[in-house]
Amino acid sequence: ASNSYTISLSLQSIYISQKLRGSVTYFVDKTEGKEEKIVNFTLPLNLSHFIVLGTCDGEHFTELIATNKVDKSSTVNVAVSRSREEVVEELSSVYRLSVVEQVEGAVSMYGKTSRDDELCVLAKF
């Protein structure tokens, strides 16, 4: 008997944050019979899970921004208490973004989704 099972999912859109909620029921053999166990779970499905590391030079990055080849844009203001280096390191490691350019007060970063859509990020400090 196998103790491992695979659940396959197919998402129509990776651009809408979603939560998959479910439960798994299983039985444990005990000397006095079988005992039913239930595990409830929530699996967040955010865009950040679908970003893959991509590389981009400054010229291509500038072209993407200047020619509006990036379909969507958004602005977020976030107060941070960490250093610039720590923020850039977290964006690089957690969201798998590569640094394109760093200048005084800003950093340009790049990534791709698993569907090969390009992401351009400008973080201002």
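Criteria and thresholds
Residues numbered from 1 in each chain as written. Predicted model: local features only at pLDDT ≥ 70, side-chain atom pairs only at ≥ 80, totals over all residues. Heavy atoms only, no water. Helix = DSSP H or I, 4+ residues; strand = E, 2+ residues; numbered from the N terminus. Rg over C-alpha atoms; globule rule 2.2 N^0.38 Å. Buried < 20%, exposed > 50% of the residue type's maximum accessible area, 1.4 Å probe, protein only. Lys, Arg positive; Asp, Glu negative; His and termini not counted. Charge placed at Lys NZ, Arg CZ, Asp CG, Glu CD. Pairing = 2+ DSSP bridges. Arc of directions from axis to C-beta. Salt bridge = Lys/Arg side-chain N within 4 Å of Asp/Glu carboxyl O. pLDDT = per-residue confidence, 0-100.

Draft legend 1. Main features of the overall build of the chain. Summing up its helical and strand segments, the chain has two helices and six strands in all. Ordered by position from the N terminus, the helices and strands of the chain form the series β-β-β-α-α-β-β-β. Its C-alpha atoms give the chain a radius of gyration of 21 Å, more than 25% over the compact-globule value 14 Å for 125 residues. Once the C-alpha set of the chain is aligned to its principal axes, its extents read approximately 70 × 35 × 25 Å. For the chain, the proportion of its 125 residues judged to be buried stands at 19%. Each charge class in the chain was averaged separately, 13 positive and 17 negative side chains, and the resulting centres sit 8 Å apart.

Draft legend 2. Structural detail: the pairing of strand β6 (residues 118-124). Strand direction decides the pairing type here: strand β5 (residues 106-113) and β6, joined by seven bridges, are antiparallel. The partner of Lys112 across the bridge, within β6, is Glu118.

Draft legend 3. Highlighting helix α2 (residues 84-94). Those residues of α2 lying buried are Arg84, Val87, Val88 and Leu91. Projected down its long axis, α2 shows its buried positions confined to an angular sector of 95°, all on one face. α2 presents Glu85 and Glu89 as exposed residues on the side facing more than 90 degrees away from its buried surface. Taken from the residues just after α2, Arg96 is the one with a positive phi, measuring 55°.

Draft legend 4. Region of the structure containing the pattern of salt bridges. Tallied over the entire structure, the rule returns four salt bridges. Residues Glu90 and Arg82 are paired through a salt bridge, measuring 2.2 Å at the closest nitrogen-oxygen approach. With a relative accessible area of 31%, Glu90 lands in the partly exposed category. In the salt-bridge network here, residues are joined through shared partners; they are Lys30, Glu35 and Lys37.

Draft legend 5. Geometry of the confidence of the model for the chain. Per-chain confidence: the chain averages 88 in pLDDT, with 98% of residues scoring 70 or above. Here β6 stands out as the element of the chain with the lowest mean pLDDT, 89, in contrast to strand β4 (residues 98-103), whose mean of 93 is the highest.

Draft legend 6. Here's a closer look at the pairing of strand β1 (residues 18-30). Note: β1 against strand β2 (residues 33-45), 13 bridges, orientation antiparallel. Considered in β2, the bridge of Gln18 is made with Leu45. Joining the antiparallel neighbours β1 and β2 is a turn of two residues.

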